[in-house]
Amino acid sequence: LRHSDEIQGDVLAGFRKDHETVVLLRFPDDPAPVRQWLARLIPQLATTRQVAAFNNDFSAARRNLAGTDPVGLRATWVNLSLTYSGLKFLMGTEPFPDQTQDGVKAFVLGASARADINGDGGESAPERWLFGRADQPVHAVLTVASDSRELLEVRASELRVAAAHGGLTVVFEQVGATLPGDRKGHEHFGFKDGISNPGVADFDRPDPDHPEQVAGKPGTRIVPAGEFVVGLPLLQRPDPGLPEWAKNGSFQVVRRLAQDVPAWWAQVAAARRTLDQAGVELPVGSGAEWVAARAVGRWRSGASVAHNPNAEPPTKPGAPDDNLISYADDKEGHTTPVFAHIRKTNPRDHFGPDHKVADTRRIIRRGIPYGQPFDPAAGPGHGPDADRGLVFVAYMSDLAFQFEFLQSAWINNTGFPPPGQNGKDPVIGQDSDVNLKLDTVPDGKPLHFAQFVRTEGTIYAFAPAISTLRDLAQR
Ligand code: N7H
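Residues numbered from 1 in each chain as written. Predicted model: local features only at pLDDT ≥ 70, side-chain atom pairs only at ≥ 80, totals over all residues. Heavy atoms only, no water.

## Overview of the overall build of the protein chain
Point 1. A count of helical and extended segments in the protein chain gives 13 helices and 14 strands.
Point 2. Against the 2.2 N^0.38 benchmark of 23 Å for 475 residues, the protein chain shows a C-alpha radius of gyration of 22 Å, consistent with a compact globule.
Point 3. Per-residue burial over the protein chain gives 55% buried out of 475 residues.
Point 4. Partitioning the intrachain contacts of the protein chain with sequence separation of at least 6 by distance along the chain shows that 70% fall at a separation of at least 24.
Point 5. Element-wise, carbon and sulfur atoms account for 52% of the exposed surface of the protein chain, whose accessible area totals about 20000 Å².
Point 6. Once the 50 positive and 58 negative side-chain charges of the protein chain are each reduced to a mean point, those two points are 2 Å apart. (Helix = DSSP H or I, 4+ residues; strand = E, 2+ residues; numbered from the N terminus. Rg over C-alpha atoms; globule rule 2.2 N^0.38 Å. Buried < 20%, exposed > 50% of the residue type's maximum accessible area, 1.4 Å probe, protein only. Contact = heavy atoms within 4.5 Å. Areas by Shrake-Rupley, 256 points an atom, 1.4 Å probe, with all protein chains shown as cover. Lys, Arg positive; Asp, Glu negative; His and termini not counted. Charge placed at Lys NZ, Arg CZ, Asp CG, Glu CD.)

Shown next as structure tokens:
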């Protein structure tokens, strides 16, 4: 990619580390020390070129080591993004003279003002948030990632010292880490995450036989880079005409999503009993896991329901991810319910073979869990009252068109995807009845799903190009 020294490294390449922290900073009143802080920070920021090169080496070494992690290859990565007020402070002028574009409006107003759109009411209301509340300004966001908790902490403490030196204060810090042991790569409900992210044109290598897909990753569709990075080619949206300084930057959503693991699984088990009581015939031996897989669209291992409707298949080491999924012959959702989390958030070819409806709403997900696994016998921090969930981090070129649209028009819309009213997303959506349709029950059976993923904070930020940050440091 021509702009890979400009675009920050987490956006397209992805830090892909087991340990990460997100540090939310507030600027002091005087811009001069903040510019000095920024000038010193810029050389430490990871670019797309650096992170992509490291990730390639890492993958190659891992292949040579038959799947084990090359312990010698380590890196600590840092990215910086700015909120609207942070940008305005450093620019000294209005960053967006034209605020009519929806994505710009969302960014300017900030996530707490967009709570209604994002479904953040009740227990998820901004007044309860740990960060991102209207009364708690945040100007800058540092995303720091590394291979071990120790390496991460060393770098994070250096960054905290430098920030304090510039007069910045840490408003909130959210540490995340991949879960231990066999749970690595899985989120707290138990499902493998990070399987499906979009491929990016001129960045990911296309498959020679299927140029619409990434080589070696069947089903990973390539979309134009402008879907995630401002100023680059877009799939079909008109160019929003953002100011020149925004070029090669990316809008970032940071969300702390608390997961009530025992409550979510208890309701899955209850849904299973409802089906039994209604006399719905299910595959022999299937239990609550069968229902949970319908809620997600994948089994815990990541195997798709589309390809494995009845039971979780044995895992095949070294096999590519199960991501070449089609809903074309399953329009009613008798196999993968239309309300399944992965179908709501990426309907793929549900609307037609060109994937257009889905491809233009893609986001790049860089989430990481926080907290200890739910495992009461494992001691303190593992029980039902301990904090745990997902530090949801996503990048895109338009907050309104992508993230907010997913939240409002897809996840929390009972009528999406059509036809019919089949319920909200049973994993992350608001309370709703979902209508589980099967070949044997074509009209469906209603199952109640309450919301057990609560929003505990949200920040909208913008990760500018390196040259824009240099310019801001020199004003
Ligand atoms: Fe989701 N989960 O455990 O069920 N997600 N998600 N997500 N999510 C995905 O395919 C989960 C959240 C997307 O292309 C998987 O990579 C949980 C938000 C998208 O087929 C699993 C939380 C938003 C995809 C989960 C959470 C999304 C996706 C399967 C919160 C957007 C790709 C792994 C605590 C606003 C879909 C994979 C595709 C996949 C879970 C949040 C979106 C297991 C627990 C807030 C686009």
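Don't stop here, the text continues.
## A few points about the site of the ligand
Point 1. Around the ligand sit 28 residues in total, of which Ile-195, Ser-196, His-341, Arg-348 and Arg-365 are the nearest.
Point 2. Between the ligand and the protein, one listed contact pairs an oxygen atom with a backbone N or O atom of Gly-194 at 3.3 Å.
Point 3. Contacts to the ligand include Asn-346, whose side-chain N or O atom sits 2.8 Å from an oxygen atom.
Point 4. Put simply, the parts of the chain that give the shell around the ligand at least two residues each are strand E8 (250–259), helix H10 (341–344), strand E11 (389–396) and helix H12 (400–411). (Near = heavy atom within 4 Å. Polar contact = N/O pair within 3.5 Å; in protein donor to acceptor, adjacent residues only side chain to side chain.)

## Quick look at the packing of helix H2 (residues 31–41) against helix H13 (residues 466–474)
Point 1. Packing of H2 against H13 leaves a shortest axis separation of 8 Å and a crossing angle of 145°. Once H2 is placed against H13, the crossing between them reads as left-handed. Contacts between H2 and H13 involve Arg-35, Leu-38 and Ala-39 from the former and Leu-469, Leu-472 and Ala-473 from the latter.
Point 2. Here the contact of H2 with H13 is built from residues that sort into 5 nonpolar, no polar and 1 charged. (Axes fitted to C-alpha atoms, helices over the stretch in contact; angles between N-to-C directions. Left-handed = near helix turned anticlockwise from the far one by under 90°. Nonpolar A, V, L, I, M, F, W, Y, C, P; charged D, E, K, R; others polar.)

## Some details on the packing of aromatic side chains
Point 1. Evaluation of the coordinates by the stated rule reveals 22 aromatic pairs.
Point 2. Between Trp-264 and Trp-265, the ring centres sit 5.3 Å apart and the planes meet at 85°, which makes this aromatic pair edge-to-face. Of the two residues, Trp-264 and Trp-265, neither departs from the other in class, the shared state being buried.
Point 3. An aromatic cluster of three or more residues is present, and its members are Tyr-84, Phe-96, Phe-107, Trp-245, Phe-251 and Phe-462.
Point 4. It is Lys-17 that lies over the ring of Phe-58; its NZ or CZ is 6.0 Å from the centre.
Point 5. One residue, Arg-361, lies across the ring of Phe-401, its end atom 3.6 Å from the ring centre. (Phe/Tyr/Trp six-rings, centres within 6.5 Å; stacked < 30°, edge-to-face > 60°. Lys NZ or Arg CZ within 6 Å of the ring centre and 35° of its normal.)

## What about the domain arrangement of the protein chain?
Point 1. Each assigned domain of the protein chain is listed with its residue range as follows: domain 1 (9–258 + 457–474) and domain 2 (261–359 + 406–454).
Point 2. Distance from the C-alpha centre of domain 1 to the C-alpha centre of domain 2: 29 Å.
Point 3. Taken together, the contact pairs 27 residues of domain 1 with 29 residues of domain 2.
Point 4. For the pair domain 1 and domain 2, the summed buried area comes to about 2500 Å², and 55% of that belongs to carbon and sulfur atoms.
Point 5. On the domain 1 side of the interface with domain 2, the three residues burying the most area are Phe-189, Phe-191 and Ile-195, jointly 30% of the side's total.
Point 6. The partner of Lys-192 in a salt bridge is Asp-321, with the nearest N and O atoms 3.4 Å apart.
Point 7. Linking domain 1 with domain 2 are 11 residue pairs in polar contact (both at pLDDT 80 or more).
Point 8. Those elements giving two or more residues to the side of domain 1 that touches domain 2 turn out to be helix H6 (115–118), strand E7 (217–223) and E8.
Point 9. When grouped by side-chain class, the residues that make up the side of domain 1 that touches domain 2 number 9 nonpolar, 12 polar and 6 charged. (Domains from an automatic or database assignment. Buried area = accessible area lost by both parts, 1.4 Å probe. Salt bridge = Lys/Arg side-chain N within 4 Å of Asp/Glu carboxyl O.)

## With respect to the coordination of the iron atom of the ligand
Point 1. Of the protein atoms, His-341 (NE2) alone serves as a donor to the iron atom of the ligand, at 2.0 Å.
Point 2. Mapped onto the fold, His-341 is located in helix H10. (Donors = N, O, S within 2.8 Å, 3.2 Å for Na, K, Ca; no water.)

## A look at the pattern of salt bridges
Point 1. In this structure the tally under the stated criterion is 27 salt bridges.
Point 2. Residues Asp-69 and Lys-184 are paired through a salt bridge, measuring 3.2 Å at the closest nitrogen-oxygen approach. Highlighted residues: Asp-69 in the loop between helix H3 (48–64) and strand E2 (77–82) and Lys-184 in the loop between strand E4 (169–177) and strand E5 (199–200), separated in sequence by 115 residues.
Point 3. We classify Asp-69 as partly exposed; its relative accessible area is 33%.
Point 4. A residue is classified by how much of its surface remains accessible, and Lys-184, at 37% relative accessible area, is partly exposed.
Point 5. Residue Lys-88 pairs with Glu-94 through a salt bridge whose shortest N-O separation is 3.8 Å.
Point 6. Under the relative-accessibility criterion, Glu-94 is labelled partly exposed at 28%.

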